Amino acid sequence: VMLCIMGILVGGPNNIITSAVAADLASHPSVKGSNKSLGTVTGLINGCGAITASIGLLAVGPLQQQYGWSSVWLYLIGCTTTGTLLMSTKIYAELFPPAVEEETSAV
């Protein structure tokens, strides 16, 4: 049950983050107007995430056998913390967007 809940809670944010990165890339001048380039970059982002996740999961078996389930949970907490720290600048920019000064023109 706990694993199912954890999967639901992780799957949604994973899809949101991937979509947000793809949306940011869509506005980049080098990709703008080229759906093929945007699709390639989005696929690479998603593929790199999947490969990294599968490599990270290879540590679960040895950790559990050697140190028990507590070490697995600590490992997952560490991975989540690392991911959050790596995304912290993006999270901050989303929560506190820079103030845009309005230009007032004298008529």
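Along each chain, residue indices are assigned from 1 in the same order as the chain's sequence is written. Note on the predicted model: pLDDT of at least 70 is required for a residue's local features to be given, and 80 or more for side-chain atom pairs to be given and counted; whole-chain, interface and lining totals, by contrast, use all residues. Only hydrogens and water are removed before side-chain values are computed, so all heavy atoms of the structure are retained for them.

### Focus on the overall build of the chain
Piece 1. When helices and strands are counted, the chain shows five helices and zero strands.
Piece 2. Secondary structure elements follow DSSP: runs of H or I no shorter than four residues count as helices, runs of E no shorter than two count as strands, and numbering proceeds from the N terminus. Traced from its N-terminal end to its C-terminal end, the chain shows the element sequence α-α-α-α-α.
Piece 3. For this measure, only C-alpha atoms enter the radius of gyration; the expected value for a globule follows 2.2 Å times N^0.38, where N is the number of residues. Relative to its length of 107 residues, the chain is extended, with a C-alpha radius of gyration of 19 Å against a globular reference of 13 Å.
Piece 4. On the principal axes, the C-alpha backbone points of the chain span a range of 75 × 30 × 25 Å.
Piece 5. Counting all 107 residues of the chain, 7% fall into the buried class. Only protein chains enter the area calculation, which uses a 1.4 Å probe; residues under 20% of their type maximum are buried, those over 50% are exposed, and those in between are partly exposed.

### Describing the layout of surface pockets
Piece 1. Both cavities and pockets are sets of points on a 1 Å grid over the protein atoms alone; in a cavity a 1.4 Å probe fits but cannot get out, in a pocket the set is open with protein on both sides within 12 Å along at least five of seven lines, and lining residues sit with an atom within 4 Å of a point. Grid points are joined across faces, edges and corners, and a volume is the space filled by probe spheres set on the points. Roughly 1,400 Å³ of internal volume is contained in the largest pocket.
Piece 2. The wall of the largest pocket is formed by 31 residues, among which V10, N14, A53, C79 and T80 lie closest to the centre.
Piece 3. Residue assignment for the lining of the largest pocket shows that the elements contributing at least two residues are α1 (2-26), α2 (35-57) and α4 (69-86).
Piece 4. The element that contributes the greatest number of residues to the lining of the largest pocket is α4, accounting for 12 residues.
Piece 5. Residue type decides the class: Asp, Glu, Lys and Arg count as charged, Ala, Val, Leu, Ile, Met, Phe, Trp, Tyr, Cys and Pro as nonpolar, and the leftover types, Gly among them, as polar. Grouping the constituent residues of the lining of the largest pocket by class yields 21 nonpolar, 10 polar and no charged.

### Observations regarding the packing of α1 against α2
Piece 1. A fitted line through C-alpha atoms represents every axis, and for helices the fit uses only the stretch in contact; the resulting angles, taken between N-to-C directions, go from 0 to 180 degrees. Put simply, α1 and α2 touch, their axes get as near as 10 Å, and they point 150° apart. Looking at the two axes, α1 sits roughly antiparallel to α2. In terms of crossing hand, the pair formed by α1 and α2 is right-handed. Between α1, through T18, V21, A22, L25 and A26, and α2, the contact on the second element is made entirely by L38, V41, T42, I45 and N46.
Piece 2. When the residues that make up the contact of α1 with α2 are grouped by side-chain class, the tally is seven nonpolar, three polar and no charged. Each angle gets one of four labels, with under 35 degrees taken as roughly parallel, over 145 as roughly antiparallel, 65 to 115 as roughly perpendicular, and the rest as oblique. With the far helix as reference, a near helix turned anticlockwise by less than a right angle produces a left-handed crossing, and one turned clockwise produces a right-handed crossing. Contacts were defined at the residue level, with two residues in contact if any of their heavy atoms lie within 4.5 Å.

### Describing the packing of helix α3 (residues 60-67) against α4
Piece 1. Viewed as axis vectors pointing N to C, α3 and α4 meet at an angle of 140°, and their least axial separation amounts to 7 Å. Comparing their axes, α4 and α3 come out oblique. In this structure, α3 contributes V60, L63, Q64 and Y67 to the contact, and α4 contributes W69, S71, V72 and Y75.
Piece 2. A breakdown of the residues in the contact of α3 with α4 according to their chemical character gives six nonpolar, two polar and no charged.

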